[in-house]
Amino acid sequence: MDIQYRLMTIDDYDQAYALWIECGNGLNDKDDSREGIEKYLKRNPTTSFVAVCDEKIVGVLLCGHDGRRGIIQHACVSPDFRRYGIGSKLVDLGLDALKDEGINKVLLVAFKKNEGGNRFWEAQGFTLREDLNYRNKALAELVRIDPDYVKE
């Protein structure tokens, strides 16, 4: 299997978005729109990667930092291409890129229900912090694009 790895560009958006949907990533209509991802990639031009096989994106790692902490978001590999080391390679590329930018610590959020994903992150050396509460606040009306989300 010939997999090529390269920096993600906005030209990859349609295929990346389709893969995020296929993998059940939690998305929303603003941050994950073409405009939202383009803004993210402009702010973090050297830290997000795609894996490509026969001109098709089969893996994505959206990764960046705020100058202090790195963050991994929307990491996924097509179900047809799992167990070939693609996810691990994407993570290594992202972490190396963050190290090159002087970032010393990386965080990520994984859905509790994503047992396979959580096993993957544990195997990559990411530890679970049970001493923290994750909180967020929307500053705009966001429509969640998550197949398992039920609005109460």
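Residues numbered from 1 in each chain as written. Predicted model: local features only at pLDDT ≥ 70, side-chain atom pairs only at ≥ 80, totals over all residues. Heavy atoms only, no water.

A few words now on the overall build of the protein. What the protein contains, in helices and strands, is 4 helices and 7 strands. Moving toward the C terminus, one meets the helices and strands of the protein in the order β-α-β-α-β-β-β-α-β-α-β. Each principal axis of the C-alpha atoms in the protein carries an extent, and together these give about 45 × 30 × 30 Å. When burial is assessed residue by residue, the protein has 36% of its 152 residues classed as buried. Sequence-distant contacts in the protein: of pairs separated by 6 or more residues, those separated by 24 or more amount to 68%. Surface exposure of the protein reaches about 10,200 Å², of which carbon and sulfur atoms provide 48%. (Helix = DSSP H or I, 4+ residues; strand = E, 2+ residues; numbered from the N terminus. Buried < 20%, exposed > 50% of the residue type's maximum accessible area, 1.4 Å probe, protein only. Contact = heavy atoms within 4.5 Å. Areas by Shrake-Rupley, 256 points an atom, 1.4 Å probe, with all protein chains shown as cover.)

Looking now at the packing of aromatic side chains. For the structure on display, the rule yields 3 aromatic pairs. Geometrically, the ring pair formed by tyrosine 13 and tyrosine 17 is tilted, given 5.6 Å between the ring centres and 35° between the ring planes. Linking tyrosine 13 with tyrosine 17, this pair stays in helix 1 (residues 13-23), spanning 4 residues, or about one helical turn. Judged by relative accessible area, tyrosine 13 falls into the buried class, the value being 8%. Accessibility expressed as a relative area gives 23% for tyrosine 17, which makes it partly exposed. (Phe/Tyr/Trp six-rings, centres within 6.5 Å; stacked < 30°, edge-to-face > 60°.)

Judged by pairing direction, the sheet is mixed, and its 5 strands sit side by side in the order 1-3-4-5-6 without closing on themselves. Bordering the open sheet on either side are strand 1 (4-7) and strand 6 (106-108), each of which pairs with just one other strand. For this sheet the average axis-to-axis angle between neighbouring strands, irrespective of direction, equals 25°. Bridge count between strand 5 (residues 70-77) and strand 6: 3 bridges; the pairing is parallel. Along strand 6, the bridge assignment pairs isoleucine 72 with leucine 108. Against the sheet, helix 2 (residues 34-43) engages strand 4 (56-65) and strand 5, with an angle of about 60° to strand 4. Across the face of the sheet, helix 3 (residues 86-100) comes into contact with strand 1, strand 3 (49-53), strand 4, strand 5 and strand 6 while running at roughly 30° to strand 4. (Pairing = 2+ DSSP bridges. Axes fitted to C-alpha atoms, helices over the stretch in contact; angles between N-to-C directions.)

Our focus in this paragraph is the nonpolar core. If you look at the biggest cluster of nonpolar residues, it comprises 19 residues, and the most contacted ones within it are Ile3, Val58, Ile72, Phe81 and Ile86. Mapped by element, the contributors of at least two residues to this core are strand 3, strand 4, strand 5 and helix 3. Once residues within four sequence positions are removed from consideration, valine 58 is found in contact with Ile3, Leu19, Ala51, Val52, Cys53, Cys76, Val77, Ser78, Phe81 and Ile86. (Core = buried A, V, L, I, M, F, W, Y, C linked by side-chain atoms within 4.5 Å.)

Right, let's talk about the pattern of salt bridges for a bit. Across all of its chains, the model carries 4 salt bridges by this definition. When the shortest N-O distance is used, the salt bridge between aspartate 12 and arginine 6 registers 2.7 Å. For arginine 129, the salt bridge goes to aspartate 131, with nearest N and O atoms at 2.9 Å. Residue arginine 129 is classed as partly exposed on the basis of its relative accessible area, which comes to 42%. By relative accessible area, which is 56% here, aspartate 131 ends up exposed. (Salt bridge = Lys/Arg side-chain N within 4 Å of Asp/Glu carboxyl O.)

The subject of this paragraph is a negative patch on the surface. A cluster of acidic side chains, namely Asp92, Asp96, Asp100 and Glu101, defines a negative patch on the protein surface. With respect to the helices and strands, the residue aspartate 92 is situated in helix 3. What makes aspartate 92 partly exposed here is its relative accessible area of 40%. (Patch = residues over 30% accessible without salt bridge, like charges linked within 9 Å, V, L, I, M, F, W, Y side chains within 5 Å. Lys, Arg positive; Asp, Glu negative; His and termini not counted. Charge placed at Lys NZ, Arg CZ, Asp CG, Glu CD.)

Everything listed here is a matter of geometry and, on its own, says nothing about what the molecule does.
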